[in-house]
Amino acid sequence: MSNLDNLTSKILADAKAQADKIVKDAQEKAQHKYDLEIKKINAKKETVLENARRDRELLSERIKSSANLKARNKKLEAKQTIIDKVIDKLKTKLVNMDEKKYINYLNQNIDKKTITGKELIVKKEFVEKVKKEFSGAKVKENEFVTSGFIVEENGIQENYTFEVKLDFMRDELEVEISKLLFS
């Protein structure tokens, strides 16, 4: 029986060795799979973190750009408000021009030779003075302007009021005012 015990012991020892080898191989395979999965997870984690960093930087840049754009727009609005106020003050000053300056302005802008026979529309308060200064023109006494003057011939009006001139020259004036105030 000792042979049988020896044989059984040997079979059991071989089976245990084989079982240990299978368990060891299984543990190594499991460890290898585990390590591969950990590497994959770490790689995904790094990708997610890198994407998050890029997204954060992009979002930060967008926020900064938006803030800079809003600040620039506010600054431009403020400048435009100041320019509008300057133009309004200029209009007011021109509308309230005294008689001497008004007559000088008319003399500089109306050719007395070509005005003969044409109708002239002027400020109400200066009608009499304009009649004397421009005797060849027909100065209207029932139609007036708040500033500047209008020349009318055959129903066609040439408008030289300050409001119209300022509106016409507004772009140029804005550039000049901007240079004077903000440069």
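Residues numbered from 1 in each chain as written. Predicted model: local features only at pLDDT ≥ 70, side-chain atom pairs only at ≥ 80, totals over all residues. Heavy atoms only, no water.

- If you look the chain up in an unreviewed UniProt entry, it shows as V-type proton ATPase subunit E from Leptotrichia wadei.
- In UniProt, the chain has this text filed under Sequence similarities (unreviewed entry): "Belongs to the V-ATPase E subunit family."
- Of the chain, the UniProt comment under Function (unreviewed entry) reads exactly: "Produces ATP from ADP in the presence of a proton gradient across the membrane." (UniProt positions renumbered as here; feature names shortened; annotations may be inferred.)

**Topic: the packing of helix 1 (residues 2-95) against helix 5 (residues 170-182)**
Here is step 1 of the chain: Across the interface, helix 1 lies against helix 5 with an axial gap of 10 Å and an inter-helix angle of 110°. In terms of axis orientation, helix 1 runs roughly perpendicular to helix 5. Regarding helix 1 and helix 5, the two cross each other, and that crossing is right-handed. Of the residues in helix 5, those touching helix 1 at K79, Q80, I82, I83, D84, V86 and I87 are R170, L173, E174, I177, S178, L181 and F182.
Here is step 2 of the chain: Along the lines of polarity and charge, the residues of the contact of helix 1 with helix 5 split into 8 nonpolar, 2 polar and 4 charged. (Axes fitted to C-alpha atoms, helices over the stretch in contact; angles between N-to-C directions. Helix = DSSP H or I, 4+ residues; strand = E, 2+ residues; numbered from the N terminus. Parallel < 35°, antiparallel > 145°, perpendicular 65-115°, else oblique. Left-handed = near helix turned anticlockwise from the far one by under 90°. Contact = heavy atoms within 4.5 Å. Nonpolar A, V, L, I, M, F, W, Y, C, P; charged D, E, K, R; others polar.)

**Things to note about the packing of aromatic side chains**
Here is step 1 of the chain: Overall, the coordinates contain 4 aromatic pairs when judged by the stated rule.
Here is step 2 of the chain: When the ring centre of F182 is taken as reference, the NZ or CZ atom of K79 above it lies at 5.1 Å.
Here is step 3 of the chain: Across from the ring centre of F134, 5.3 Å away, lies the NZ or CZ of K112, which sits over that ring. (Phe/Tyr/Trp six-rings, centres within 6.5 Å; stacked < 30°, edge-to-face > 60°. Lys NZ or Arg CZ within 6 Å of the ring centre and 35° of its normal.)

**Thoughts on a nonpolar patch on the surface**
Here is step 1 of the chain: Together, I82, V86, L180 and L181 make up a nonpolar patch on the protein surface, roughly 370 Å² of accessible area in all.
Here is step 2 of the chain: Where the nonpolar patch is concerned, the elements lending two or more residues are helix 1 and helix 5.
Here is step 3 of the chain: Considering the arrangement of structural elements, one finds L180 in helix 5.
Here is step 4 of the chain: Residue L180 is classed as exposed on the basis of its relative accessible area of 72%. (Patch = residues over 30% accessible without salt bridge, like charges linked within 9 Å, V, L, I, M, F, W, Y side chains within 5 Å. Areas by Shrake-Rupley, 256 points an atom, 1.4 Å probe, with all protein chains shown as cover. Salt bridge = Lys/Arg side-chain N within 4 Å of Asp/Glu carboxyl O. Buried < 20%, exposed > 50% of the residue type's maximum accessible area, 1.4 Å probe, protein only.)

**Describing the pairing of strand 3 (residues 150-153)**
Here is step 1 of the chain: Pairing geometry for strand 1 (residues 119-121) and strand 3, over 3 bridges, is antiparallel. When the bridges of strand 3 are listed, L120 appears paired with V151.
Here is step 2 of the chain: Pairing between strand 3 and strand 4 (residues 156-159): 4 bridges, direction antiparallel. Pairing of E153 across the sheet is with I156, part of strand 4. (Pairing = 2+ DSSP bridges.)

**A closer look at the domain arrangement of the chain**
Here is step 1 of the chain: According to the domain assignment, the chain consists of domain 1 (1-96) and domain 2 (97-182).
Here is step 2 of the chain: Centre-to-centre separation of domain 1 and domain 2, based on C-alpha positions: 72 Å.
Here is step 3 of the chain: Taken together, the 13 residues of domain 1 in the interface contact 16 residues of domain 2.
Here is step 4 of the chain: For the domain 1 face of the interface with domain 2, the top three residues by lost area are I87, L94 and V95, together amounting to 40%.
Here is step 5 of the chain: Inspection of the domain 1/domain 2 interface yields 2 salt bridges.
Here is step 6 of the chain: For the pair domain 1 and domain 2, the interface holds 7 residue pairs in polar contact (both at pLDDT 80 or more).
Here is step 7 of the chain: Of the residues in the side of domain 1 that touches domain 2, the class split is 7 nonpolar, 2 polar and 4 charged. (Domains from an automatic or database assignment. Buried area = accessible area lost by both parts, 1.4 Å probe. Polar contact = N/O pair within 3.5 Å; in protein donor to acceptor, adjacent residues only side chain to side chain.)

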